[in-house]
Amino acid sequence: MADAYLGFLRTTLPDDLLSVLGDLLNHLEKGEYDAILQSPQVAILLGLRDNEKIKDIATSDFPLWSDYIFRRLGLLLANREEESQDSAAYLQHLFLVVAVACLYAFLQSNVTGPPLAFSSSKLLFPQEISSNPSAVFKLRQDLIHSLGADGEAAYKLTPNIELLCLADTILSSPPIQKNVKAAAWVKLRTTFLHQRLLSEIAPSLQSSIYETLEVLEADLLSSESQYSTPELRVLFLLERASIHTHHGLDKKARSDLDEAASQRHFEFALTGLLGKRTKFQQFDTSQLLVLARSAVNTNEAPSEEVKVDSSRPKNLDLNDDTLLESISFVDTSISSTDIKDESKLPASLTALDPANQPLLEPLDSIILLSLASSITNTSPSDGLTREETIPYATRVLDGGSSNWQVYTQALLVRSRIEGYKSRTIERGLLQLQALVDQVIADTTSDSPAPTGTTTFLPKANETDSAPVSERMKYIFQLCSPSRWELEAELASRWVSMGGLRSALEIYERLEMWAEAALCWAATEREDKAKKIIRRQLFHATTGPDETADLDEEKWEGRLREPAPADAPRLYCLLGDIDHDTAMYETAWIVSNNRYARAQRSLGRHYFTLKDYDRAITAYSASLKMNALNQSSWFALGCAHLELSQFKNAVESFSRCVQLDDTDAEAWSNLAAALLHLRPAEPSSPKEEKEEEEDGPASHPLAAHHTTPQQPRLDALKAFRRAAALKHDSYRIWSNLLTVAASTIPPAYNDIIRAQTRICELRGATDGETCVDESILAALVRHIAIVATEPYDPAKPGLARMVVELVDKHVVPLITASAKLWQVVARLALFRRQPSSALAAHEKAWRAVTGQPGWETGSKEQWQGVVDATVELADAYESLGEMERTEGLAAGSGELVAKDWRFKARSAVRGIMGRGKESWEGTEGWERLVLALEGLKGGR
C-alpha cells in the first residue's frame, strides 16, 4: 500500500475517469514514475512531441522553463474546440497524476531513495538541452533561483529540481485548481516542500500553506465529508502536525497529535519504573520509559504490516564499558506505577512487560516521534529535555519497526539526543553518519552535486533497504530531512565535538558557504569567515579570481553580477561579524525590500544603541514582510515602551501573545503598557463610523477603553497570565500584587496569592521587607469591616485565607517591623484573640524602642517612639481586662493581663527616663506625661 493520498484521489474520481486513469495510478503506486512521464500527453506538454495548436510555443520565448510549461499547459487545457467537457476533465486529472508523480520522484531522489531508474533531465528537457550538461546546469540554476521567496534562497545544489518545478507549475494552473478536487492536497505538499528548501521560513509561503490547510480541513477532517475516513483523518492530522512543528507552532502540533492518538485509541504514557542503567549499578533507581500499545481494531482484518521487517537500517550497538545497551527493569509487576497525577495507568498498559513491549503500528510510532520533536522544539536544549525525549524514540526502536522509513526516523531522533552525552556521543555520531551514508547511497543518481563523500563505515547491505512504496507511505507525516539537511546536521555535530576540519569539508562540498563562515566565526576566526562570505559576493581585489591567492586575497573587488541567490543572508552575516549597519541595508536592497532578517538585525543594532526611533522603523519594516515573527513584535513593543508610546506598545505585545501565549515576559510587558494607557473619551458617531471604515482594531486590548478601570483590569489579567507562566519571577508577582491592590475594588484573592508567592520566593533572603505593609494592613482592615459575624476558622473564605497568609508566611519573617506587628495585632483582635493581640502590640513597641540612638536622634525618631508607647498604653488599657479566649486558660475567666496598669506605667516611665535628657519639655514629652496621668489609680 502506497501513500494514502492515492486512495483519496481514487475516491474523488468519477468511475469513467477511474477506469481510464487506472493504469497510471497503478504505476504511481509501484513507483514507476517514468511510465507516467513518458505518456503522449506529457510529451506534448513538455514540447517533446508536435502539436498543431501549440507548436509555436518555444522555450526561447520564456525566461524560465517553468513559464514555458505553464503557457503550454494553459493552452492545452483551454483548447476545447474538438474536445468534449469529459476529455477536458480527463486532461486535468491526467496532469494532476503527472504532478503527483513528479512530487514523489523528487522526494525519492532527495529524501527516501532508492535512486531513480531514469534521468529526469533526459526525460523532461528537450534534446538540445538534455544533451548539453552546461545547458542543463544553467536551466536548473535558473529554476532554483526562481524558488527564492521573501529574500530566502533555496538550496543551490538541489538535485532534480525540475521535478518539483513541474509539479508546482501544473498545480498552479487555474483549471486544475478549480475543477480537480484532489489538487489542493498535492498543492499543499508541494508548497510545504518548497518552504523546506529555503534557509529560513518565508512568510508568503507560510500564508499560502495555512490557507490551503483551511480548505482541506472541511474535506478531510469533517465527519460529514464523503471522502473522509478514520485512517485518512489521522494521516492528515499527523501531516498537519509536521507542518506546525516546522513553523514552530508546537502548541497546534501537540493538539493535532493528541487528536490523532484519540482517534486511533492509541494508549501511551511517559512514566517511571525501577531499573538499572549501568553495568555496575547495584541498586535499582527510577528510570523514564514510555509504555505504549497499539489499539486492536476488531472491525478490520489483522494488519499484515505489523511485523518486524528484516529490511531496515542498521541499529548500531552502544558498546560502552559502563552503560547497558538498554535499561534493565526490575522483574516485578508494574501495576503500582503511577503517572504524575497519581492516577493509575490504563489496564492495557499495566499488563505490559517494559523490557518486551509489543510492536507498534506505524502511525502510532509516528505519533511518538512527532511528540519527541515537539518537546525538543518548545523546551530548552538541556539534559532534562533530552531525558524526557529519548524514551519516545527508544519505544519505537524496541523490537524493530514495521516500516522502513519510520525506523530510520526513530534512529535519527535518537542520534540527535545521544549527541550530547559523553557515554552515548560516539554511538550518536556513528548512527548519524550511517544514516547519512544510507541516504546518500540511496539518492545519488543524476545529480549536479559533488558525490565525493567519505565514510569510515562499511557500505549498507541490500537487505538494509526497502521498496519505494514502503519508503513513501508515511514520508509526509514524518517530514524526514533531505540528504543535504542530514549532511549539514552531521557537520554541525562535528563542530560541537571539535571536528572543525570534518565539518568544513562537508559544508564546502555542499557549498553551504554561510554555514562554513559561521563555523569559522564560532572558533573566533572572523577573518576566515569574512573571506568565505566576501568571496561569494565580490571578485578578487586585483586580477582574475582563478589566479587569486586564497590565503592572502581579501575579495574586495567589484560586486559579482548577478548576485548569488543567498546574497541577503551573506550580507547580514557580514554585518554580524563587523557590526556594520551598511551590510544590513545592502541586504535589504539586494532582496528588493523583502528580506525581513535584514531589518531585524538593524532594529537590534539600533535598540542596543538606545536609538529607539530608528529601531521602531526597522522592526516595523521587518514585520511588514513577516508579521508572524514573535520576537520582532516583542522588540518593537519594548522600543515603544522606552518612548512612552503606550498604545503602540499595547498593540505590539498583544500581537506577541497572540503568536505565543506562553511568553510570560510579553504578558508582563503588555500589562505594564496597559497600566499607562489612559482611557479615551467616548467617540462621537462620526468618529465611530470613520473607525469602522478604517477596519477593525488590531486587538481588543488596543481599542479605546471607555471606563477608567478597564486598562487596569486588563493589566491585572495580563499579570495573572504572566505569573502563571513564570511562577518563579519575583518581579512579576510583585507587579501583580501592586496592580491587584490598586483596582476598585481590590482583587483580594490575587493580593493574597501574590503576597504568599513573594514570601515563598524572597522570604529566605529578604525577610520581612518582601511583605508590603500598607497592602497587608488594608487587607486586614477590609476583612474586619465587611465581617458580619465572628470569625470562624472552619469556614472557608477571604478571612481564612488572610489568616493563613499572616500566620504561615508573614509572622515567621517579622523581625523589626512595628507596622507588621500592628497588623498582626489587628488581625488577632478580629479573630477574638486579645492575648495574642496584646503580645503583638508589645512586640511592635519593642521593635520601635529597640532601635539604637533614638534618645539623641531626630525629632521624627522621638515622635515615633512616643506614638508607639502611647499606642501600647492604650492597648494595655483596652485589652488587659478582657478574658482569655485561647490556650489552656480559655473560658476560665482569667484576664489577659491583670497587672496591665503596672506594665503600662513601667513602659511609659522607662521611655521618659531614657529620653528625659534630650526631649523633656517637647510636645512628645507632654503626651507621655498625660498618658502616665491617665494610668494612675488602681494597681
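Conventions used here
Residues numbered from 1 in each chain as written. Predicted model: local features only at pLDDT ≥ 70, side-chain atom pairs only at ≥ 80, totals over all residues. Heavy atoms only, no water. Helix = DSSP H or I, 4+ residues; strand = E, 2+ residues; numbered from the N terminus. Buried < 20%, exposed > 50% of the residue type's maximum accessible area, 1.4 Å probe, protein only. Contact = heavy atoms within 4.5 Å. Areas by Shrake-Rupley, 256 points an atom, 1.4 Å probe, with all protein chains shown as cover. Core = buried A, V, L, I, M, F, W, Y, C linked by side-chain atoms within 4.5 Å. Axes fitted to C-alpha atoms, helices over the stretch in contact; angles between N-to-C directions. Parallel < 35°, antiparallel > 145°, perpendicular 65-115°, else oblique. Nonpolar A, V, L, I, M, F, W, Y, C, P; charged D, E, K, R; others polar. Expected span 1.5 Å × (residues − 1). Arc of directions from axis to C-beta. Salt bridge = Lys/Arg side-chain N within 4 Å of Asp/Glu carboxyl O. UniProt positions renumbered as here; feature names shortened; annotations may be inferred. Polar contact = N/O pair within 3.5 Å; in protein donor to acceptor, adjacent residues only side chain to side chain. Lys, Arg positive; Asp, Glu negative; His and termini not counted. Phe/Tyr/Trp six-rings, centres within 6.5 Å; stacked < 30°, edge-to-face > 60°. Left-handed = near helix turned anticlockwise from the far one by under 90°. pLDDT = per-residue confidence, 0-100.

- Where an unreviewed UniProt entry is consulted, the protein chain appears under the name TPR-like protein, with the organism given as Lophium mytilinum.

1. A look at the overall build of the protein chain
Move 1: Regarding its fold elements, the protein chain presents 45 helices and three strands.
Move 2: Counting the 939 residues in the protein chain, one finds 49% classified as buried.
Move 3: Long-range pairs, those at least 24 residues apart, make up 65% of the contacts in the protein chain with a sequence separation of at least 6.
Move 4: Surface exposure of the protein chain reaches about 44,800 Å², of which carbon and sulfur atoms provide 50%.

2. Looking at the nonpolar core
Move 1: Ranked by internal contacts, the top residues of the largest apolar core, which has 174 residues, are Tyr5, Trp65, Phe95 and Leu96.
Move 2: Residue contributions to this core peak at 16 residues, all from helix H7 (residues 85-112).
Move 3: If near-sequence neighbours (up to four positions away) are discounted, Leu96 is found in contact with Tyr5, Leu9, Ile170, Leu171, Val180, Ala182, Ala183 and Val186.

3. Focus on the packing of helix H28 (residues 567-578) against helix H29 (residues 581-590)
Move 1: Here H28 crosses H29 at 170°, and the two axes come no closer than 8 Å. For the element pair H28 / H29, the angle class is roughly antiparallel. Here H28 contributes Ala567, Pro568, Tyr571, Cys572, Leu574, Gly575 and Asp576 to the contact with H29, which in turn contributes Met583, Tyr584, Thr586, Ala587 and Val590.
Move 2: Partitioned by chemical class, the residues of the contact of H28 with H29 number nine nonpolar, two polar and one charged.

4. Some thoughts on helix H6 (residues 65-78)
Move 1: Compared with an ideal rise of 1.5 Å per residue, which puts 14 residues at 20 Å, H6 spans 20 Å between its outermost C-alpha atoms and is within 8% of the ideal.
Move 2: Inspection of H6 places Trp65, Ser66, Tyr68, Ile69, Arg72, Leu73, Leu76 and Leu77 among the buried residues, and these make up the whole buried set. Projection of H6 onto a plane perpendicular to its axis shows the buried side chains occupying an angular sector of 155°, all on one side.

5. Let's talk about the environment of Ser465
Move 1: Tracing the chain through its elements places Ser465 in the loop between helix H21 (425-443) and helix H22 (468-472).
Move 2: On a C-alpha basis, the gap between Ser465 and Asp442 in space is 8.8 Å, while along the polypeptide they are 23 residues apart.

6. Quick look at the pattern of salt bridges
Move 1: Here the structure, examined in full by the defined rule, presents 38 salt bridges.
Move 2: Arg569 is paired through a salt bridge with Glu515; the nearest N and O atoms lie 3.0 Å apart. A residue pair is termed long-range when its members are at least 10 positions apart, and Arg569 in helix H28 and Glu515 in helix H26 (residues 513-522) qualify at 54 residues.
Move 3: Taking relative accessible area as the criterion, Arg569 reaches 19% and is therefore assigned buried.
Move 4: Overall, Glu515 belongs to the partly exposed group, its relative accessible area being 21%.

7. Considerations on the UniProt feature "repeat: TPR" (unreviewed entry) in the protein chain
Move 1: Mapped onto this structure's residue numbering, the UniProt feature "repeat: TPR" (unreviewed entry) falls at residues 596-629 and 630-663.
Move 2: Across residues 596-629 one finds 79% helix and 0% strand; the C-alpha atoms that close the span lie 9 Å apart.
Move 3: Taken end to end, residues 630-663 has its terminal C-alpha atoms 10 Å apart, with 79% of it in helix and 0% in strand.

8. What to know about H29
Move 1: Inspection of H29 places Met583, Tyr584, Ala587 and Trp588 among the buried residues, and these make up the whole buried set. For H29, the angular spread of the buried residues around the axis is 140°, confining them to a single face.
Move 2: Contact partners of the buried residues in H29: H28, helix H30 (596-608) and helix H31 (612-625).
Move 3: Backbone nitrogen of Ala582 and a side-chain oxygen of the N-cap are separated by 3.0 Å at the start of H29; the cap is Asp580.
Move 4: Asn592 sits one or two positions beyond H29 and adopts a positive phi of about 60°.

9. Here we look at the side chain of Arg534
Move 1: When you line up the elements, Arg534 lands in helix H27 (residues 526-537).
Move 2: Buried within the structure, Arg534 lacks any salt-bridge partner; Glu556 is the closest side chain of opposite charge, at an N-O distance of 5.1 Å.
Move 3: A distance of 3.1 Å separates the side chain of Arg534 from the backbone oxygen of Trp555, its partner in a polar contact.
Move 4: Those residues within four positions of Arg534 in sequence are excluded, and the remaining contacts are Lys554, Trp555, Glu556 and Leu574.

10. Quick word on the packing of aromatic side chains
Move 1: In total, this model carries 17 aromatic pairs according to the counting rule given.
Move 2: Taking the centre distance of 5.5 Å and the plane angle of 5° together, the rings of Trp862 and Trp919 count as stacked. Placement of the pair is Trp862 in helix H43 (residues 859-879) and Trp919 in helix H44 (residues 900-919), with a sequence separation of 57 residues. Taken individually, Trp862 and Trp919 each receive the classification buried, so the pair is uniform in this respect.

11. Quick notes on the packing of helix H20 (residues 404-418) against H21
Move 1: The N-to-C vectors of H20 and H21 enclose an angle of 145°; their axes lie 8 Å apart at closest approach. Crossing of H20 over H21 shows left-handed handedness. Here Trp404, Thr408, Leu411, Leu412, Arg414, Ser415 and Glu418 of H20 lie close against H21, whose contacting residues are Ile425, Arg427, Gly428, Gln431, Leu432, Leu435, Gln438 and Asp442.
Move 2: Classifying every residue of the contact of H20 with H21 gives six nonpolar, five polar and four charged.

12. Description of the environment of Ala799
Move 1: When you line up the elements, Ala799 lands in helix H40 (residues 798-810).
Move 2: Residues Ala799 and Val786, 13 residues apart in the sequence, show an inter-C-alpha distance of 9.8 Å.
Move 3: Ignoring sequence-local partners within four residues, the contact set of Ala799 consists of Ile783, Tyr791 and Phe830.

13. Section: the confidence of the model for the protein chain
Move 1: For the protein chain, the average pLDDT comes to 86, and 87% of its residues sit at 70 or higher.
Move 2: Low pLDDT (under 50) marks residues 332-342, which in the prediction has 18 contacts with non-local residues, meaning those over four places away or in another chain.
Move 3: Segment residues 694-704 is flagged for pLDDT under 50; beyond a separation of four residues in sequence, or across chains, it makes 18 contacts in the model.

14. A short note on unusual backbone geometry
Move 1: The residue after Gly113, namely Pro114, is reached through a cis peptide bond having omega -5°.
Move 2: Considering the arrangement of structural elements, one finds Pro114 in the loop between H7 and helix H8 (120-124).
Move 3: Of the consecutive residues Glu561 and Pro562, the connecting peptide bond is found in the cis state with omega at -5°.
Move 4: For Pro562, the position within the fold is in the loop between H27 and H28.
Move 5: Positioned with a positive phi, Asn593 is a non-glycine residue whose angle comes to about 60°.
Move 6: Residue position: Asn593 is located in the loop between H29 and H30.
Move 7: Assessed through its relative accessible area of 40%, Asn593 is described here as partly exposed.
Move 8: In this model, Arg832 sits at a positive phi of 65°, which is unusual for a non-glycine residue.
Move 9: With respect to the secondary-structure elements, Arg832 resides in the loop between helix H41 (818-830) and helix H42 (834-849).

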